[in-house]
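# What the coordinates show
One letter stands for each residue in the lines below.
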Amino acid sequence: MKKTMETIVSLCKRRGFLFQSSEIYGGLNGFWDYGPLGVELKRNVREAWWSEMITSHDDILVPEGAPRAFSMVGVETSIIMHPQVWKCSGHYDLFHDEMVDCRECKSRFRADHISTSECPLKPSKHPGEHDACSLTDPREFNLMFKTYVGALSGEEGAAFLRPETAQGMFVNFKNVLDSARVKVPFGIAQIGKSFRNEITPRNFTFRSREFEQMEMEFFCHPDESRQWYQYWRDRRHQWYVKLGIGSDNLQLRDHDADELSHYSVGTADIEYAFPFLDENEYGELEGVAHRGNFDLRSHSEGKLIKQNDELVVETDSDGNPKYRGSGKDLTYFDDQSRERYIPHVIEPAAGADRATLAFICEAYREDEQPDDKGKMQKRVYMQFHPKLAPVKVAVFPLIKKEGMPEKAAEIYRELKQAGIVTVYSQQGAIGRRYRQQDEIGTPYCLTIDGETANDECVTIRDRDSLEQTRIPVKEIVSEISNRLRG
Ligand code: GAP
């Protein structure tokens with residue numbers, strides 16, 4: 001079965017996963033809203049990441065493959081930060097794409113996307129079509145959204161919406177060190193919105209102008225940084241595999257030297273074969289970067305640039321720093337080895353929306369199953385990992401009488417009270433109710449039938465195997481909880 005983006009996008013809208021932002025006004029390009037099911041799915045993606053990074057992390061045990069035990073803490077930092085942050089981080093000068101305008105169709109394109117862009121004058125996709133049009137020379141376009149803080153509308157009040165969450169961790173390095181009593185190696189994680197004024201937002205939520213990131217900055221001794229880089233690169237890849245992304249659709253790709261960001265010593269991308277891409281093409285889900293000590297040094301000394309393979313503070317024509325750093329001491333003192341150094345940083349930077357989109361694309365399945373009358377019918381089902389499924393359980397009375405609705409409502413309430421996302425439905429034939437749940441990826445359906453009053457058991461149906469077994473009513477919550485944990 002070839003999955004197409006059209007079927008996936010239409011399911012997302014029909015069942016309430018994703019809507020275009022401000023749709024009733026015609027939408028706004030690059031902005032998206034999550035509907036009732038999408039919000040639960042994305043919450044589960046965030047929760048799975050936060051649990052992996054923070055809540056389930058064991059500070060004492062050495063995880064498999066790690067050089068030693070380490071601590072992990074979280075932060076939530078502001079979207080608008082001091083403008084100097086972006087000058088020292090390099091975003092003010094360097095965070096831009098090259099854009100070109102087509103003089104014929106008046107559209108604007110990213111210079112590196114031009115061969116696959118669609119010209120509205122020629123609606124079918126013609127790679128390279130624009131070469132024949134009259135394109136302007138490429139111009140630099142900074143991707144940061146500018147805003148004004150307070151009543152000052154001039155340049156003194158200018159600020160930016162953050163284009164990444166990472167800087168919030170760097171500027172709080174000392175605060176966390178002093179307050180959380182952590183020792184290097186340790187990581188600081190954050191989930192939050194970022195904004196980039198992308199020239200060509202496209203491919204559903206893949207490239208949006210407002211999106212959410214899940215980033216972690218891991219501070220370690222320079223001599224151990226390559227081992228930690230390897231560790232996080234492999235561990236992050238495994239996270240997607242554990243949550244159900246098939247290995248054929250996932251790849252871990254090391255960047256070539258010419259692809260590396262201005263700060264990076266080494267980067268690997270975790271990539272997914274999204275259905276909107278051509279065969280054998282992959283799109284980035286997460287980047288795992290070895291950032292060296294670039295960020296801490298920049299925020300201390302001033303914006304750095306590479307000169308003869310060394311990072312030095314960039315200066316103006318008078319020899320002063322082009323952008324001054326905070327001047328704060330952002331070194332770390334190891335009281336056992338008595339060594340003072342600037343930690344190196346390993347950064348796994350994931351996108352919550354991209355990961356959610358990949359889990360949606362991966363989950364989409366079609367097969368054929370007999371309906372209530374035994375006739376084969378196409379079934380669409382979302383094979384979400386039970387941890388990610390927006391609804392975990394659906395409870396159905398087989399018929400609307402003989403005490404079945406009352407018993408079903410009792411079970412529904414018990415599951416809700418245990419914090420398990422559950423829905424109740426008594427409308428329509430049972431086969432139809434199953435199919436409605438399959439289409440949103442509910443892993444378990446419970447049916448209360450005529451026998452329930454006698455044997456105090458219900459039927460549990462598994463979305464994937466379609467297996468139906470009977471379980472005692474008093475074991476429902478523990479049985480479902482165990483299955484969700486597994
Ligand atoms: N701090 C490093 C950093 O921000 P990045 O590769 O630019 O690195 C990290 O972004 C992740 O954020 C990407 O792998 C992607 O999942 C997500 N992301 C970046 N730009 C995005 C966009 N315009 N729309 C949706 N997600 C985006």
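Look a little higher up for the structure.
All chains use their own residue numbering, which begins from 1 and follows the written sequence. Given that the model is predicted, a residue must reach a pLDDT of at least 70 before its local features are reported, and side-chain atom pairs must reach 80 or more before they are shown or counted; all residues, however, enter totals for whole chains, interfaces and linings. Water and hydrogen atoms play no part in the side-chain values, which are based on all heavy atoms of the structure.

## Examining the overall build of the chain
Within the chain one finds 14 helices and 25 strands. With a 1.4 Å probe rolled over the protein chains alone, any residue whose accessible area is under 20% of its type maximum counts as buried; one over 50% counts as exposed, and the rest are partly exposed. Per-residue burial for the chain yields a buried fraction of 51% across its 486 residues. Any two residues whose heavy atoms approach within 4.5 Å are treated as being in contact. Long-range contacts, defined here as pairs at least 24 residues apart, represent 64% of the contacts in the chain between residues at least 6 apart. Entry remark: accessible area of the chain is about 23,600 Å², with carbon and sulfur atoms responsible for 47%. The charge count includes Lys and Arg as positive and Asp and Glu as negative, but it does not include His or the ends of the chains. We put the charge of a Lys on NZ, of an Arg on CZ, of an Asp on CG and of a Glu on CD. Measuring between centres, the 64 positive side-chain charges of the chain sit 4 Å from its 79 negative side-chain charges. Only DSSP runs of H or I with at least four residues qualify as helices, and only runs of E with at least two residues qualify as strands; both kinds are numbered from the N terminus onward. Only the protein chains shown count as cover for residues, with accessible areas throughout obtained via the Shrake-Rupley method and a probe of 1.4 Å.

## Topic: the pattern of salt bridges
What counts as a salt bridge is simple: a side-chain nitrogen of Lys or Arg found within 4 Å of a carboxyl oxygen of Asp or Glu. Within the structure shown, the criterion is met by 40 salt bridges. The salt bridge involving R15 is made with E439; its shortest N-O contact spans 2.9 Å. Here the residue R15 occupies a position in helix 1 (residues 5-15), and E439 occupies one in helix 12 (residues 430-440), the gap between them amounting to 424 residues. Judged by relative accessible area, which is 24%, R15 ranks as partly exposed. For E52, the salt bridge goes to R235, with nearest N and O atoms at 2.9 Å. Here R235 lies in helix 8 (residues 225-242) and E52 lies in helix 2 (residues 36-55), a separation of 183 residues in the sequence. Relative accessible area serves as the criterion here: at 18%, R235 is assigned to the buried category. The structure contains a network of salt bridges with shared partners spanning K42, R46, E212 and D353.

## Some points on the nonpolar core
Side-chain atoms within 4.5 Å link the members of a nonpolar core, which is a set of buried Ala, Val, Leu, Ile, Met, Phe, Trp, Tyr and Cys residues. If you look at the biggest cluster of nonpolar residues, it comprises 59 residues, and the most contacted ones within it are W232, Y240 and F274. The element contributing the most residues to this core is helix 10 (residues 352-363), with eight residues. Once residues lying within four places of it in the same chain are set aside, the contact partners of W232 are M53, F70, M72, M216, F218, V288, I346 and P348.

## Observations concerning the packing of helix 1 against helix 12
Working convention: axes come from line fits to C-alpha atoms, limited for helices to the stretch in contact. Angles between N-to-C directions cover 0 to 180 degrees. It is the contact of helix 1 with helix 12, at a shortest axis distance of 10 Å, that shows an interaxial angle of 120°. Considering only the axes of helix 1 and helix 12, their crossing is left-handed. Here L11, R14 and R15 of helix 1 come into contact with helix 12, specifically with Q436, E439 and I440. Crossings are sorted by hand: turned counterclockwise from the far helix by less than a right angle, the near helix makes the crossing left-handed, and turned clockwise it makes it right-handed.

## A word on unusual backbone geometry
In the segment running from V184 into P185, the intervening peptide bond is cis, with an omega of 5°. Structurally, the position occupied by P185 is in the loop between helix 7 (173-180) and strand 9 (186-195). A positive phi angle is found at N280, which is not glycine, with a value near 65°. With respect to the element layout, N280 can be found in the loop between strand 12 (266-272) and strand 13 (283-292). By relative accessible area, which is 70% here, N280 ends up exposed.

## Things to note about the packing of helix 2 against helix 10
Direction vectors running N to C along helix 2 and helix 10 enclose 115°, while the axes themselves pass 10 Å from each other. Here helix 2 lies roughly perpendicular to helix 10, going by the angle between them. The chirality of how helix 2 crosses helix 10 is right-handed. When helix 2 is examined against helix 10, the residues L41, K42 and V45 are found in contact with a partner set consisting of A352, D353, A355, T356, F359 and I360. Three classes are used: nonpolar for Ala, Val, Leu, Ile, Met, Phe, Trp, Tyr, Cys and Pro, charged for Asp, Glu, Lys and Arg, and polar for all others, with Gly counted as polar. Here the residues of the contact of helix 2 with helix 10 are counted per class, giving six nonpolar, one polar and two charged. Here the angle decides the label: under 35 degrees means roughly parallel, over 145 means roughly antiparallel, 65 to 115 means roughly perpendicular, and every other value means oblique.

## Examining the sheet that holds strand 21 (residues 393-397)
Here, a strand pair is defined by DSSP locating no fewer than two bridges between the strands. The strand order across the open sheet built from five strands is 22-21-23-24-25, with neighbouring strands paired in mixed fashion. Two strands bound the open sheet, and with one partner strand each, they are strand 22 (422-424) and strand 25 (468-472). Strand-to-strand twist across the sheet, computed as the mean angle between neighbouring axes with direction ignored, equals 25°. With five bridges connecting them, strand 24 (residues 457-462) and strand 25 associate as antiparallel partners. Among the inter-strand pairings, V458 is bridged to a residue of strand 25, identified as I471. Of the strands in this sheet, strand 21, strand 22, strand 23 (444-448), strand 24 and strand 25 touch helix 12, which is tilted by about 170° from strand 21.

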